[in-house]
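# Observations on the model geometry
Now for the letters of each chain:
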Amino acid sequence: MFALAPFLSYVFVTTFTPGPNNIMAMSIAGRYGWKKTVRFTLGVLGGFSVVLLLCAYANLLLFRVIPRIQLAMNIVGAVYMGYLAYKTVTSDAHNHDDQTTGAQNNKQNSFWGGFALQFVNAKGILYGITIMANFIIPYFKSGISLVLFSVGLALVSLVATNSWAFFGSLFQRFLAKYERIFNVVMALLLMYCAVSLFLH
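All figures in this text were calculated on a predicted structure; none of them were measured in a lab.

What counts and how
- Residues numbered from 1 in each chain as written.
- Predicted model: local features only at pLDDT ≥ 70, side-chain atom pairs only at ≥ 80, totals over all residues.
- Heavy atoms only, no water.
- Axes fitted to C-alpha atoms, helices over the stretch in contact; angles between N-to-C directions.
- Helix = DSSP H or I, 4+ residues; strand = E, 2+ residues; numbered from the N terminus.
- Left-handed = near helix turned anticlockwise from the far one by under 90°.
- Contact = heavy atoms within 4.5 Å.
- Nonpolar A, V, L, I, M, F, W, Y, C, P; charged D, E, K, R; others polar.
- Expected span 1.5 Å × (residues − 1).
- Buried < 20%, exposed > 50% of the residue type's maximum accessible area, 1.4 Å probe, protein only.
- Core = buried A, V, L, I, M, F, W, Y, C linked by side-chain atoms within 4.5 Å.
- 1 Å grid on protein atoms, 1.4 Å probe; cavity = no way out; pocket = protein on both sides within 12 Å on 5 of 7 lines; lining within 4 Å.
- Points joined across faces, edges and corners; volume = space filled by probe spheres on them.
- Patch = residues over 30% accessible without salt bridge, like charges linked within 9 Å, V, L, I, M, F, W, Y side chains within 5 Å.
- Areas by Shrake-Rupley, 256 points an atom, 1.4 Å probe, with all protein chains shown as cover.
- Salt bridge = Lys/Arg side-chain N within 4 Å of Asp/Glu carboxyl O.
- Phe/Tyr/Trp six-rings, centres within 6.5 Å; stacked < 30°, edge-to-face > 60°.
- pLDDT = per-residue confidence, 0-100.

Bringing the packing of helix H2 (residues 20–32) against helix H7 (residues 143–166) into the picture now. Axis separation between H2 and H7 bottoms out at 7 Å; the angle between their running directions is 35°. The interaxial crossing formed by H2 with H7 has right-handed handedness. Here Asn21, Asn22, Ile23, Ala25, Met26 and Ala29 of H2 lie close against H7, whose contacting residues are Ser157, Ala160, Thr161, Trp164 and Ala165. In the contact of H2 with H7, the residues fall into seven nonpolar, four polar and no charged.

What follows covers helix H1 (residues 4–16). Each α-helix winds once per 3.6 residues, and so residues spaced three or four apart point in a common direction. For H1, with 13 residues, the first-to-last C-alpha span of 18 Å sits near the 18 Å given by 1.5 Å per residue. Residues of H1 that are buried: Pro6, Phe7, Ser9, Tyr10, Val11, Val13, Thr14 and Thr15.

Core analysis: the largest hydrophobic core is formed by 37 residues, its most contacted members being Tyr10, Ile131, Met132 and Leu153. Of all the secondary-structure elements, those providing two or more residues to this core are H1, helix H3 (38–65), helix H4 (70–90), helix H6 (122–136), H7 and helix H8 (168–196). By residue number, the principal contributor to this core is H3, which donates eight residues. Once residues within four sequence positions are removed from consideration, Leu153 is found in contact with Phe7, Val11, Phe48, Leu52, Tyr127, Ile131, Met132 and Ile136. Ranked by size, the runner-up nonpolar core spans eight residues in total, among them Ala25, Val44, Leu117 and Ala165.

This brings us to empty space enclosed by the protein. As enumerated under the stated definition, the model contains one cavity of 30 Å³ or more in all. Here the largest cavity is characterised by a volume of approximately 130 Å³. If you go around the largest cavity, you meet 14 residues; those closest to its centre are Thr14, Thr15, Asn21, Lys123 and Ser157. Per-class residue counts for the lining of the largest cavity are three nonpolar, 10 polar and one charged.

A cluster of nonpolar side chains, contributed by Val38, Leu42, Phe111 and Trp112, occupies part of the molecular surface with about 380 Å² of accessible area. Among the elements of the structure, H3 and helix H5 (111–117) are those that each provide at least two residues to the nonpolar patch. Position of Trp112 relative to the elements: it lies in helix H5.

Right, let's talk about the packing of aromatic side chains for a bit. Applying the stated criterion to the full structure yields 16 aromatic pairs. Considering the side-chain rings of Phe115 and Phe119, the 5.5 Å spacing of their centres and the 40° angle between planes classify their relative orientation as tilted. Note on Phe119: relative accessible area 38%, which makes it partly exposed. With a centroid separation of 5.1 Å and 50° between ring planes, the pair formed by Phe140 and Phe149 is classed as tilted. Taken together through their ring pairs, the aromatic side chains of Phe2, Phe7, Tyr10, Phe48, Tyr127, Phe135, Tyr139, Phe140 and Phe149 make up a single cluster.

Once that is clear, we can look at the environment of Gln70. Positionally, Gln70 belongs in helix H4. Once the C-alpha coordinates of Gln70 and Ala133 are considered, the two residues, 63 residues apart in sequence, prove to be 7.8 Å apart. Excluding its chain neighbours within four sequence positions, the residues that come into contact with Gln70 are Phe63, Ala133 and Pro138.

Attention now moves to the confidence of the model for the protein. When pLDDT is averaged along the protein, the result is 81; 84% of the residues meet or exceed 70. In the model of the protein, H8 stands out as the element of lowest mean pLDDT, 73, in contrast to H7, which has the highest, 93. Throughout residues 96–105 the model reports pLDDT below 50, and contacts reaching past four residues in sequence, or to other chains, amount to 17 contacts.

Interaxial distance between H3 and H7 falls to 8 Å at its minimum, and their mutual angle equals 145°. As H3 runs across H7, the sense of the crossing is right-handed. Each of Phe40, Thr41, Leu42, Val44, Leu45, Phe48, Ser49, Leu52, Leu53, Ala56, Tyr57 and Leu60 in H3 lies in contact with H7, whose residues at this interface are Gly143, Leu146, Val147, Ser150, Val151, Leu153, Ala154, Leu155, Ser157, Leu158, Thr161 and Asn162. Taken together, the residues of the contact of H3 with H7 sort by class into 17 nonpolar, seven polar and no charged.

Here it is, written out as structure tokens:
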């Protein structure tokens, strides 16, 4: 049975916590204004849709070639989520600035800059592999399902990226004030997602 609650928890935690897309969007918005991030965020949408679709079909191929791979993928997914939980609870919001240095280059504030970023965004690629292998492929294998999930997840990422761009300064102040509480809650949600892989 499709595990909706863990699926939504994982999507929320992974897309709305700091990562290259969100940090870049926030940095660009801080330098050029929110409207100037539209091209970049649309590039993120396009590129991330492609990355998610590639992850979906790569996982589908593995499941067809190795039918017993589900347990192994669950273990890998749980370990990765545990790692993300650890990194989340030990992270410092004030140290994310070094990830935004690329935003100083205006060339990255473009559709193709956002599109290309997705193919070197390790967090996004690992997210795509994990969510497809553990939450989607075991239950949905048709081409149209994979396309819809890929575009849908990319749209959620678009909302998250635009939220970081639009409320960038607000998020920075919030994280600075409640950083430890926020990180612990996000880490607990990730651990819930990891444990849930073995409960359905």
